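One letter stands for each residue in the lines below.
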Amino acid sequence: MTTPIPHWLEPTASSLIRQLRQEQLGHAPLIQGPVGVGKRWLADVLAATLLCTEPEAADGRACGRCHACQLHQNGTHPDHFVIEPPEPGRQILVDQVRALVDQLVLTPAIGRYRLGLITPAENMNESAANALLKTLEEPPNNVWLILVSNSPQRLLPTIRSRCQTVPIGPPSQSLGMAWLLEQQPECGEREMALALRMSSGAPLLALEKLSAGHVEMADLVLNQLHQLAMGEGVGLQLAEAWGNDQASTIWPLLAFWISELSLASHDAHADPRLKALSDRAISNDWSSLWSGALEAIGLLGTGRRQDLLLAAWLLEWVAHFKN
Ligand SMILES: [Zn+2]
């Protein structure tokens, strides 16, 4: 591959390529793990290795230069099919899977294999999953199915049992930070650490949050929560400002800060604002504010007035502190 693979994926990538060379890898690997840890990256390494017609002699990796590699990099390899939901978050439909299965049985146009990549596999609805079963059970010799899943527990057991699981988790904090710094050299260390924390350590998700301005927003939200708790600012105005447009961003941030607050009293490195809030709170029981934020997340998109929900939550927030 021409793009260097992130360090934390390297051991898994090497192991996959070795298993491939030794013919120990089943034809339906299921790459599973949380959002943002690099599952798709691994799937692409595997696909590149299978498609390359001039693999490196030393380690069997894709050369990155041959015609097949070039086509794969451009997303136009005729033996490689990517199945995704028509729109993010939607289901993968039975027609998409049937079309894939029809394609996979044809003779490879360039190399030895035809392969389908399904991501995220748990978005297949039941009939789509059932349409895949036969091919998964008895894949033709030159056919590979690579499944990528954020929530493997949502896959049909009949799908899971026919795949070879490749688990991948978040890297250590230091590897995650090092990679983020390579991607965004201008970004401050505190901001990067916060991005990783907001992403449960998943670096690709952290990068997305940094780029989307969610980390900056989180910092701002904590400032505003801090001010309210200290008796400055007006909750109603804040609820109005956050209102209905920003609610889908704000609620997860409120839930995040509540979970950070519940840890702050035991964490010597916690943000000073969290320490101050923790000291001023009337109790260290944050469960009601926590479940309030989660309930509100569940109500997003149902037409409920988010500004009213926010106002009620912020009233409870203010009441949680000594004044
Ligand atoms: Zn190649």
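Residues numbered from 1 in each chain as written. Predicted model: local features only at pLDDT ≥ 70, side-chain atom pairs only at ≥ 80, totals over all residues. Heavy atoms only, no water.

## So, the domain arrangement of the chain
Part 1 of the argument: Per the domain assignment, the segments of the chain are domain 1 (7-167) and domain 2 (213-319).
Part 2 of the argument: The straight-line distance from the C-alpha centre of domain 1 to that of domain 2 is 41 Å. (Domains from an automatic or database assignment.)

## Topic: the coordination of the zinc ion
Part 1 of the argument: Protein-derived ligands of the zinc ion are C52 (SG), C63 (SG), C66 (SG) and C69 (SG), with the metal-ligand distances lying across 2.3 Å.
Part 2 of the argument: One can describe the donor arrangement at the zinc ion as tetrahedral, given that its four donor atoms subtend angles of 106 to 117° at the metal.
Part 3 of the argument: Spacing between the donor residues of the zinc ion along their common chain follows C-x10-C-x2-C-x2-C. Taken together, the residues C52 in the loop between helix 2 (39-51) and helix 3 (67-74) and C66 in the loop between helix 2 and helix 3 connect sequence positions 14 residues apart. (Donors = N, O, S within 2.8 Å, 3.2 Å for Na, K, Ca; no water. Tetrahedral: all angles 85-135°; square planar, octahedral: opposite > 155°, others 65-115°. Helix = DSSP H or I, 4+ residues; strand = E, 2+ residues; numbered from the N terminus.)

## Remarks on the environment of P170
Part 1 of the argument: Tracing the backbone shows P170 in the loop between strand 5 (164-167) and helix 7 (173-183).
Part 2 of the argument: Taking C-alpha positions, P170 is 8.4 Å from G33, a pair spaced 137 residues apart along the chain.
Part 3 of the argument: In contact with P170, not counting residues within four places along its chain, are P34, V37, S200, G201 and A202. (Contact = heavy atoms within 4.5 Å.)

## A closer look at the pattern of salt bridges
Part 1 of the argument: Following the criterion strictly, the structure yields 16 salt bridges and no others.
Part 2 of the argument: Across the pair E10 and R61 runs a salt bridge whose closest N-O atoms are separated by 2.7 Å. Here R61 lies in the loop between helix 2 and helix 3 and E10 lies in helix 1 (residues 10-21), a separation of 51 residues in the sequence.
Part 3 of the argument: Since its relative accessible area comes to 27%, E10 is described here as partly exposed.
Part 4 of the argument: Across the pair D219 and R190 runs a salt bridge, and its minimum N-O distance is 3.4 Å. Residue D219 is found in helix 10 (residues 214-229), and its partner R190 is found in helix 8 (residues 189-198); the two are separated by 29 residues along the sequence.
Part 5 of the argument: Taken together, the shared-partner salt bridges in this structure form one network comprising R190, D219, D271 and R273. (Salt bridge = Lys/Arg side-chain N within 4 Å of Asp/Glu carboxyl O. Buried < 20%, exposed > 50% of the residue type's maximum accessible area, 1.4 Å probe, protein only.)

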